[in-house]
Amino acid sequence: MRKETEVVRGYRCIDEKTGAISFPIYQSATFRHPGLNESTGYDYSRTQNPTREELEKTIAKLEGGAEGLAFSTGMAAISAVISIFKPGDHIVVSDDLYGGTYRIFEEIYGKYGIKATYVDTQDLENIKSAVNENTVALFIETPSNPIMKVTDIGAVSAYAKEKGLLTIVDNTFLTPYYQKPIALGADIVVHSATKYLGGHNDTLAGLVVTAGAELGEQIRFIQNSVGAVLAPFDSWLILRGIKTLGVRLDRQEQNAIEVANWLKSHEKVDQVYYVGLPDHPGYELSKEQTSGFGSMISFTVVDESIVSEVLGRLKLIFFAESLGGVESLMTYPLTQTHADIPEEIRERLGVNSRLLRLSVGIESSEDIIEDLQRALGGE
Ligand SMILES: *Cc1c(COP(=O)(O)O)cnc(C)c1O
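Reading the values: the criteria
Sequence order sets the numbering: in each chain, residues are counted from 1 along the sequence as written. For this predicted model, a pLDDT threshold of at least 70 governs which residues receive local features, and a threshold of 80 or more governs which side-chain atom pairs are given and counted, while totals over whole chains, interfaces and linings are taken from all residues. Hydrogens are left out, water is left out, and the side-chain values use all remaining heavy atoms of the structure. Each helix is a run of DSSP H or I of at least 4 residues and each strand a run of E of at least 2, with the numbering of both proceeding from the N terminus. One less than the residue count of a helix, multiplied by 1.5 Å, gives the span that helix is expected to have. Think of it in three bands: with a 1.4 Å probe and only protein chains considered, a residue is buried below 20% of the maximum accessible area for its type, exposed above 50%, and partly exposed in between. Starting at the helix axis, one direction is taken to each C-beta atom, and the arc is that of these directions. By definition, residues are in contact when any of their heavy atoms lie within 4.5 Å. Here a residue is near a molecule or strand as soon as one of its heavy atoms is found within 4 Å of it. Here a polar contact is taken to be a pair of N or O atoms separated by no more than 3.5 Å, where protein atoms must pair a possible hydrogen donor with a possible acceptor and residues adjacent in sequence count only if both atoms sit in side chains. Note on areas: Shrake-Rupley, 1.4 Å probe, and residue coverage restricted to the protein chains presented here. Polar here means any residue other than Ala, Val, Leu, Ile, Met, Phe, Trp, Tyr, Cys and Pro, which are nonpolar, and Asp, Glu, Lys and Arg, which are charged; Gly is therefore polar. UniProt positions are given in the numbering used here, feature names are shortened, and annotations may be inferred rather than shown by experiment. Any two strands between which DSSP finds at least two bridges are classified as paired. Interaxial angles span 0 to 180 degrees and are taken between N-to-C directions of axes, which are lines fitted to C-alpha atoms, for helices over the stretch in contact. Domain segmentation is taken from an automatic or database assignment of domains. By buried area we mean how much accessible surface two parts lose on assembly, using a 1.4 Å probe and totalling the loss over both. Note on definitions: salt bridges are taken to be side-chain nitrogens of Lys or Arg within 4 Å of carboxyl oxygens of Asp or Glu.

**A word on helix α8 (residues 213-226)**
Next, step 1: Relative to the 20 Å expected for 14 residues at 1.5 Å per residue, α8 spans 20 Å between its end C-alpha atoms, a close match to the ideal helical length.
Next, step 2: Turning to α8, its buried residues are Leu215, Gly216, Ile219, Ile222 and Gln223. Down the axis of α8, the smallest arc covering the buried residues is 125 degrees, so these residues share one side. Across α8 from its buried face, at more than 90 degrees, point the exposed residues Glu214, Glu217 and Phe221.
Next, step 3: Those residues of α8 that are buried are in contact with α2 (50-63), β1 (67-71), α3 (74-82), β5 (166-170), β6 (188-192) and β7 (206-210).
Next, step 4: At the C-terminal side of α8, glycine 227 shows a positive phi close to 90 degrees.

What follows is the structure, given as structure tokens:
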């Protein structure tokens, strides 16, 4: 089955009992036992719920992993993954990444003795020099948020295997439709399904997929114990979102290529970070390890003083946090997604006061470009 079909079909796709094409929402907290020591396979919805299970098996299938797990948000998913580690453990993390991931490592798990070192994971040598005797895992975001750095998942995972470390990849930006980290050697994939998988800016959700069953069981134990599970209705919304993943992503990518090229030629735009531009440093690697470039673009304007005007003039594109949905959204990483990252790290990465991030939606690319034209004050 090709990837366009795979996303439509999901796992079981239909309800065997009734033939319902839309997988039912099992809005039940608990399940009646047929008798003592007997179970229908479902006991209590924190442990498992049929609708959530359909989503978990769907994402496991799409990512090519053994186990899938659905959480209430992307951060709950990432938190569950970090919970497999213990005090004293050390993790090497991509330095350019979602601000919330930085915050959870520093402000939450740091307190419990789990340490993180942030390096530019584009260069394997940086990872090698950060690894010490306490290192247990590598946490990679690729393409990274918001500078769109591309990390070689195959090379990093091969090195991690050699050292006995786990490789964890945040696959939010590309989804399994474009990038399959497990096939490249990763052990765990995490997602904010709030973004492309859901795709409609209407649901918060997080997903984890493990390559092996044992790691899956470990995280399932945490999921059931801590309880940040995805509700049945929200599971259904993500399942529905995944059905159109292919058409949405292909359209969004096509739009993003046009928008990125247009931005590049604009006099008020300085740098354009988009992995689908041939002069992007990660372009060749992306062509090797992914089947698409996605639709996240960051760019800097020539002067900080125009940022506020640009955001104020947008009409079609919404000035809002989040990404990956059908509506185009513009973010100002400095004060929104990356506010928790210390200034010196931000400056080094290029997350400065001139940087804007654009999640390109499925609208007409001409309308998106016209909106940008107006916002940048070109007319
Ligand atoms: C949004 C996001 C998260 C966090 O997910 P939530 O669903 O907002 O909790 C994690 N990683 C990346 C790359 C994200 O974009």
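**Side note on the site of the ligand**
Next, step 1: Near the ligand lie 13 residues; those nearest to it are Met75, Asp170, Ser192, Thr194 and Lys195.
Next, step 2: Note that an oxygen atom of the ligand is positioned 2.9 Å from one of the backbone N or O atoms of methionine 75.
Next, step 3: Contact with the protein chains removes 93% of the 380 Å² of surface that the ligand exposes when unbound.
Next, step 4: Of the residues belonging to the shell around the ligand, the class tally is five nonpolar, five polar and three charged.

**Quick look at the UniProt feature "modified residue: N6-(pyridoxal phosphate)lysine" (unreviewed entry) in the protein chain**
Next, step 1: Per the UniProt entry, the sites bearing "modified residue: N6-(pyridoxal phosphate)lysine" (unreviewed entry) are Lys195 in this numbering.
Next, step 2: Among the structural elements, lysine 195 can be located in the loop between β6 and β7.
Next, step 3: Setting aside anything within four residues of it in sequence, one finds lysine 195 in contact with Tyr98, Thr172, Ser322, Leu323 and Gly324.

**Remarks on the sheet that holds β5**
Next, step 1: Spatially, β1-β7-β6-β5-β4-β2-β3 is the arrangement adopted by the seven strands of the open sheet, whose pairing is mixed. The outermost strands of the open sheet, each flanked by one partner alone, are β1 and β3 (115-119). Here the strands of the sheet are splayed against their neighbours by 20 degrees on average, with no regard to which way each runs.
Next, step 2: Sheet topology note: the strand β4 (residues 135-141)/β5 ladder contains five bridges and is parallel. Pairing of phenylalanine 139 across the sheet is with isoleucine 168, part of β5.
Next, step 3: Against the sheet, helix α6 (residues 153-163) contacts β4 and β5, and its axis sits at roughly 155 degrees relative to β5.

**Digging into the domain arrangement of the protein chain**
Next, step 1: For the protein chain, the domain assignment lists domain 1 (3-243) and domain 2 (245-375).
Next, step 2: Taking the mean C-alpha position of each, domain 1 and domain 2 sit 25 Å from one another.
Next, step 3: Contacts between domain 1 and domain 2 engage 40 residues on the former and 44 residues on the latter.
Next, step 4: For the pairing of domain 1 and domain 2, the buried interface totals around 3400 Å² over both sides, and the portion due to carbon and sulfur atoms is 59%.
Next, step 5: Across the pair arginine 103 and aspartate 340 runs a salt bridge, and its minimum N-O distance is 2.9 Å.

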